[in-house]
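Observations on chain architecture
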Amino acid sequence: MASRDLTFRELARRWWRPAVVVLVLTAAVVWRLVAPGLGAPPNLEIATAATFLGALLLRNRWAAVVPFAVVAVSDAVLGNTQIMWFTWSAWAVIGVGAIFVRHLRGPARYAAALGLGVGGSLWFFAWTNFGVWLMDGLYPQTLDGLLASYVAGLPFLRTMLLGNLVLVPLAAAVASLVERTEVAASPVAQPAKP
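This write-up is about the structure you can find in this document. From a predicted model like this one, the values you see are computed outputs, not experimental measurements.

**Things to note about the side chain of T128**
Inspection of the secondary structure assignment puts T128 in helix 6 (residues 106–136). What makes T128 buried here is its relative accessible area of 9%. With near-sequence residues (within four places) excluded, T128 lies in contact with I83, F86, T87 and A90.

**What to know about the layout of surface pockets**
In this structure, the largest pocket spans a volume of roughly 920 Å³. Secondary structure elements with two or more residues in the lining of the largest pocket: helix 2 (16–34), helix 4 (66–78), helix 5 (84–100), helix 6 and helix 7 (143–185). With seven residues, helix 6 is the single largest residue contributor to the lining of the largest pocket. Across the lining of the largest pocket, the residue classes break down as 23 nonpolar, ten polar and four charged. One number sums up the size of the second largest pocket: a volume of about 170 Å³. As for the second largest pocket, its lining consists of 13 residues, of which F8, L58, W62, A63 and V65 are closest to the centre. For the lining of the second largest pocket, the secondary structure elements donating two or more residues are helix 1 (8–13), helix 2 and helix 4. Looking at which element gives the most residues to the lining of the second largest pocket, the answer is helix 2, with four residues. Counted by class, the lining of the second largest pocket contains twelve nonpolar, one polar and no charged residues.

Rules used in this analysis
- Residues numbered from 1 in each chain as written.
- Predicted model: local features only at pLDDT ≥ 70, side-chain atom pairs only at ≥ 80, totals over all residues.
- Heavy atoms only, no water.
- Helix = DSSP H or I, 4+ residues; strand = E, 2+ residues; numbered from the N terminus.
- Buried < 20%, exposed > 50% of the residue type's maximum accessible area, 1.4 Å probe, protein only.
- Contact = heavy atoms within 4.5 Å.
- 1 Å grid on protein atoms, 1.4 Å probe; cavity = no way out; pocket = protein on both sides within 12 Å on 5 of 7 lines; lining within 4 Å.
- Points joined across faces, edges and corners; volume = space filled by probe spheres on them.
- Nonpolar A, V, L, I, M, F, W, Y, C, P; charged D, E, K, R; others polar.

As structure tokens, then:
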């Protein structure tokens, strides 16, 4: 397959690609809404994996909006704190990171999945905990207060990191499966008659 972006017309013809993305995006929203009630650890999320899958299957720059869709829909129900701009901008960076790897295949795709899972988790942790320190008033506006914010966030980082180490490579596997199914289902060129 070519390593160019897919047009909206091509995505409409390959409707199963956006359908899989919408299904995973819906699962990410539902998970964000019900996870606390199920006793799931805080910050065990599907949004990073949905973002990576969206970038691989849609192979379009617009896939960067996938994390915004998850956060916007779930925040409309859950509400958000005063660090909303830190949370949303953290997801924006993860979305942009995902579109940079949208054309990778094979081992490079799985390496990128691990990189986005680890890098996205660390970035989200660093940026949003900085936002908590800066905006929420929970910690003194000192270096010790900033360090306390980061120490308090370590259990959340651990959960997000472990989840993304499994879920983002799983998203890469799902994208590969969809692509292999596409190739297997495409009509095989008929040999020319003599």
